[in-house]
Every structure is written in C-alpha cells, then in structure tokens.
Amino acid sequence: MQRLFDILFSTIALIILLPIFIPIIIILRFTGEGEVFYIQERIGKDGKPFGLIKFATMLKNSPNLGTATVTVKNDPRILPFGKFLRKTKINELPQLINILLGEMSVIGPRPQTKRCFLAFPKKSQEAIKKVKPGLSGIGSIVFRDEESMLCDNKIDQLKFYDEYIAPYKGRLEQWYVRNQSLSTYFKLIFLTVLVVIFSKTKLYWRFFNDLPSPSKELKEFL
C-alpha cells in the first residue's frame, strides 16, 4: 500500500513542481559551474547502491575536499544559489524521480553515502537495509539542522558526526523500521511539511513519545 501512495504522491508532486523546476534548471545551467543535477551513489534497500538525484548545490569536486561527504553550515564548497536550495530543501526534490523508479519511498531512512552508512552501528545498518530509503524520515526530521550542529560543536566535525550524530541517527532509523506503518508514514509526511515551514519545531517528540533519547552531547541541539 505504501508503494501505491509513493507513486501517487511523487507523480502529483512532479506535475505541480514542474513550473518551479524549470527556472531552477535555467539558473543552475547559467550560474556556478553550469551543472543542473548531481547524482551521488547512496546505499539503498538490501545494501544495494543507487544513484541519488539532487539539484547541484556544491562544487563538482566536493567529495574530495574539506569534510568530504559530510556537509557543515556555511560550507565553502556550497555555491551561492545552492545555499538557497539547501536551506529550503528544494535541492532534494529531484529524488521524486528516484521514488517513481522504485529506488526510494516518500518516507524511510535517509539514504547515506558509503562513508556515512558505515559510521552507523552494525545493528542500525542491518535494520536500515530492510526498507527503502526515503525522501524524508524521522532521522532527517530530528536532524533538520544537522549542518549547523556540526558547525557549532567545539570538537572535530567528523569526529562529532561519527561518535554522536551517526549512532543516534541510526537508533532513530531502527525505531522507524520497528514502527513502520501507514499511520507512521502519514505522520512523518505531516511533520516533514511542518519542519520545512517551522524549522525550530520539536513536535516530533509529542507525535512519537517512544523515540530513543539522545545523548547529553546532542540534547542541547535536539
């Protein structure tokens, strides 16, 4: 049933968003490095890699620069127009095509690069591989402002990601896999819209009072 809603929602969204996509494509083509789409290998269901589609927001060689596949706030690799696309999450919308192709769902664990996926605990990795990755999900909702979190911490950014963010995000995704249902699906869609409009909202704690508790290092951010 979730696949049916995925096809329905992604088809309707692509039709509605087409008038927005066209000027974005034109702007990207004639600004920055001229790239419109960025396709990056991510880990999908059953651990199989697939090409995640995004609007291009960073320098072409970004994975080999700075913090590699981990992005931080005010990252110098982000292009001027890319900042707007990332802030509004519009850069993620081409993944509606991934959903239509059956590689992703509207809701699920966010698909990770191999480096970030391997930073998750083994139990989390095994759970995540059981379901399709999502355009949004509990991990991406809770970590809506992950880039700022990495920028604000006082220790090495990659170390903070590996030791605190990845383990907790993995536990959140395990929670989703255990609680997967149409009810959870629609609640997370609603919360996704809510956090895009009201980025500081923490209503997810009220919707899901059995979410795993974050470590003390993360509590000030979440």
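Remember, predicted model here, so these are calculated numbers, not experimental data. (Residues numbered from 1 in each chain as written. Predicted model: local features only at pLDDT ≥ 70, side-chain atom pairs only at ≥ 80, totals over all residues. Heavy atoms only, no water.)

Notes on the overall build of the protein chain
Looking only at helices and strands, the protein chain features 11 helices and 4 strands. Whereas a compact globule of 222 residues would reach a radius of gyration of roughly 17 Å, the protein chain reaches 17 Å, a difference of no more than 12%. Once the C-alpha set of the protein chain is aligned to its principal axes, its extents read approximately 45 × 45 × 35 Å. Sequence separation of at least 24 residues holds for 69% of the intrachain contacts in the protein chain that already meet a minimum separation of 6. Summed over all atoms, the accessible surface of the protein chain reaches about 11,500 Å², with 61% contributed by carbon and sulfur. (Helix = DSSP H or I, 4+ residues; strand = E, 2+ residues; numbered from the N terminus. Rg over C-alpha atoms; globule rule 2.2 N^0.38 Å. Contact = heavy atoms within 4.5 Å. Areas by Shrake-Rupley, 256 points an atom, 1.4 Å probe, with all protein chains shown as cover.)

With respect to helix 8 (residues 157-178)
Look at helix 8: 30 Å from first C-alpha to last across 22 residues, which is about the 32 Å you get at 1.5 Å a residue. At Ile 165, helix 8 is deflected by roughly 35°, the largest bend along its length, and proline Pro 167 occurs up to four residues later in sequence. (Expected span 1.5 Å × (residues − 1). Bend = angle between axes of the 7 residues up to and from the residue.)

Describing a nonpolar patch on the surface
The grouping of Met 1, Leu 4, Leu 182 and Phe 186 at the surface amounts to a nonpolar patch, some 400 Å² of accessible area in total. With respect to the helices and strands, the residue Met 1 is situated in the segment before helix 1 (2-29). Classification of Met 1 as exposed rests on a relative accessible area of 61%. (Patch = residues over 30% accessible without salt bridge, like charges linked within 9 Å, V, L, I, M, F, W, Y side chains within 5 Å. Salt bridge = Lys/Arg side-chain N within 4 Å of Asp/Glu carboxyl O. Buried < 20%, exposed > 50% of the residue type's maximum accessible area, 1.4 Å probe, protein only.)

Considerations on the packing of aromatic side chains
To describe a pair of aromatic rings, one takes the distance between the centres and the angle between the planes. Within the structure shown, the criterion is met by 17 aromatic pairs. The interplanar angle of 85° and the centroid separation of 5.3 Å between the aromatic rings of Phe 21 and Phe 55 together place this pair among those described as edge-to-face. Note that Phe 21 is positioned in helix 1 and Phe 55 in strand 2 (residues 49-55), a separation of 34 residues in sequence. Plain terms: the ring middles of Tyr 204 and Trp 205 are 5.4 Å apart, the flat faces sit at 50° to each other, and that makes the pair tilted. (Phe/Tyr/Trp six-rings, centres within 6.5 Å; stacked < 30°, edge-to-face > 60°.)

Overview of the nonpolar core
If you look at the biggest cluster of nonpolar residues, it comprises 51 residues, and the most contacted ones within it are Ile 138 and Phe 143. Setting aside chain neighbours within four positions, we find Phe 143 in contact with Met 149, Ile 165, Tyr 168, Lys 169, Leu 172, Leu 218 and Leu 222. (Core = buried A, V, L, I, M, F, W, Y, C linked by side-chain atoms within 4.5 Å.)

Focus: the pattern of salt bridges
In this structure the tally under the stated criterion is 5 salt bridges. Arg 115 is paired through a salt bridge with Asp 162; the nearest N and O atoms lie 2.9 Å apart. Of this pair, Arg 115 sits in helix 4 (residues 114-117) while Asp 162 sits in helix 8, and the two are 47 residues apart along the sequence. Residue Arg 115 is classed as partly exposed on the basis of its relative accessible area, which comes to 31%. Overall, Asp 162 belongs to the partly exposed group, its relative accessible area being 29%. When the shortest N-O distance is used, the salt bridge between Glu 146 and Lys 169 registers 2.5 Å. Pair noted here: Glu 146 is in helix 7 (residues 146-152) and Lys 169 is in helix 8, with a separation of 23 residues, a long-range link. The structure contains a network of salt bridges with shared partners spanning Lys 54, Glu 92 and Arg 110.

Observations regarding unusual backbone geometry
Leave glycine aside and you will find that most residues have negative phi; peptide bonds, for their part, are mostly trans. Backbone geometry places Asp 46, a non-glycine residue, at a positive phi of 65°. By secondary structure assignment, the location of Asp 46 is in the loop between strand 1 (37-43) and strand 2. By relative accessible area, which is 52% here, Asp 46 ends up exposed.

A short note on the pairing of strand 2
Most of strand 2 sits inside the fold, with 5 of its 7 residues counted as buried. Sheet topology places strand 1 next to strand 2; 7 bridges connect them, and they run antiparallel. The residue bridging Arg 42 from the neighbouring strand is Phe 50, located in strand 2. Linking strand 1 back to strand 2 in an antiparallel pair, the connection comprises 5 residues, with Asp 46 at a positive phi of about 65°. (Pairing = 2+ DSSP bridges.)

Remarks on the side chain of Glu 92
As for its placement among the helices and strands, Glu 92 is situated in the loop between helix 2 (80-88) and helix 3 (95-100). Separated by 2.4 Å, the side chains of Glu 92 and Gln 95 make a polar contact. Not counting the four nearest positions on each side in its chain, Glu 92 is found in contact with Ile 53, Lys 54, Arg 110 and Leu 135. (Polar contact = N/O pair within 3.5 Å; in protein donor to acceptor, adjacent residues only side chain to side chain.)

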